[in-house]
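Structural features, examined
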Amino acid sequence: MRDNAILVVVARFLIPLVMLFGLYVQFHGEYSPGGGFQAGVLFASAWILFVFIYGLETGLRVIPQRVIYALASLGVLLYALIGVLGVVLGGRFLDFYPLLDAPKAAQQTGIILVEFGVGVTVAAVVMLIFLLFARRRADTLAAGLDPDATDDVTVDGE
């Protein structure tokens, strides 16, 4: 689709806006509806739009597959680390009060870090799911099997 000038211009305009809105949703999730999951899907959708316009190889040059796997792991690790840190400091799992002396600051810091871990994990996993489907489609087409082709099948000799 990179040959279509209109799509390229619209994508160049939309991708940064989607990412900016993803940042807004990520960091205002504790004050308004939204948070890590929604922001992660927004970030992944910006990358997917980029891949639709510029191709899978270009998308993987921007964010390689091993980086996507690492981000998925690091997001889960951050979530778990913040949860276990509450236990280590004398509280319960995902209890943010022991993290800082001021209870309100501890709650805000804890939820921002947990939601950041969720956002990174969701973005990476959605990108990986898309990547698996895109690779399967490319492999199918490379093998000469077109899943969209229909065979002329006659019914009852018609």
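Just so we're clear, the structure is a prediction, and the values are computed from it rather than from any experiment.

**Section: unusual backbone geometry**
For Leu94, which is not a glycine, the phi torsion comes out positive at approximately 60 degrees. Mapped onto the elements of the fold, Leu94 is located in the loop between α4 (65-88) and α5 (103-142).

**Some words on the UniProt feature "transmembrane region" (unreviewed entry) in the chain**
Within this structure's numbering, the places UniProt gives as "transmembrane region" (unreviewed entry) are residues 5-25, 37-56, 68-90 and 110-133. Each end of residues 5-25 is marked by a C-alpha atom, and these two atoms are 30 Å apart; helix forms 100% of the span and strand 0%.

**Points about the packing of aromatic side chains**
As enumerated under the stated definition, the model contains 4 aromatic pairs in all. Note on Trp47 and Phe130: the rings are 6.1 Å apart at their centroids and 90 degrees apart in plane angle, and the pair reads as edge-to-face. Here Trp47 is found in helix α2 (residues 36-54), whereas its partner Phe130 is found in helix α5, with 83 residues between them in sequence. Just as Trp47 is buried, Phe130 falls in that class too. Centre to centre, the rings of Phe52 and Phe130 are 5.5 Å apart; their planes meet at 90 degrees, and the pair counts as edge-to-face.

**Quick word on a nonpolar patch on the surface**
Together, Ile6, Val10, Phe13, Leu14, Leu17, Leu20, Leu23, Phe27, Ile112 and Phe116 give the surface a local cluster of nonpolar side chains, amounting to about 910 Å² of exposed area. At the level of secondary structure, the elements contributing two or more residues to the nonpolar patch comprise α1 (5-27) and α5. The greatest single-element share of the nonpolar patch, amounting to 8 residues, is contributed by α1. Tracing the sequence through the fold places Leu20 in helix α1.

Rules used throughout
Residues numbered from 1 in each chain as written. Predicted model: local features only at pLDDT ≥ 70, side-chain atom pairs only at ≥ 80, totals over all residues. Heavy atoms only, no water. Helix = DSSP H or I, 4+ residues; strand = E, 2+ residues; numbered from the N terminus. UniProt positions renumbered as here; feature names shortened; annotations may be inferred. Phe/Tyr/Trp six-rings, centres within 6.5 Å; stacked < 30°, edge-to-face > 60°. Buried < 20%, exposed > 50% of the residue type's maximum accessible area, 1.4 Å probe, protein only. Patch = residues over 30% accessible without salt bridge, like charges linked within 9 Å, V, L, I, M, F, W, Y side chains within 5 Å. Areas by Shrake-Rupley, 256 points an atom, 1.4 Å probe, with all protein chains shown as cover. Salt bridge = Lys/Arg side-chain N within 4 Å of Asp/Glu carboxyl O.

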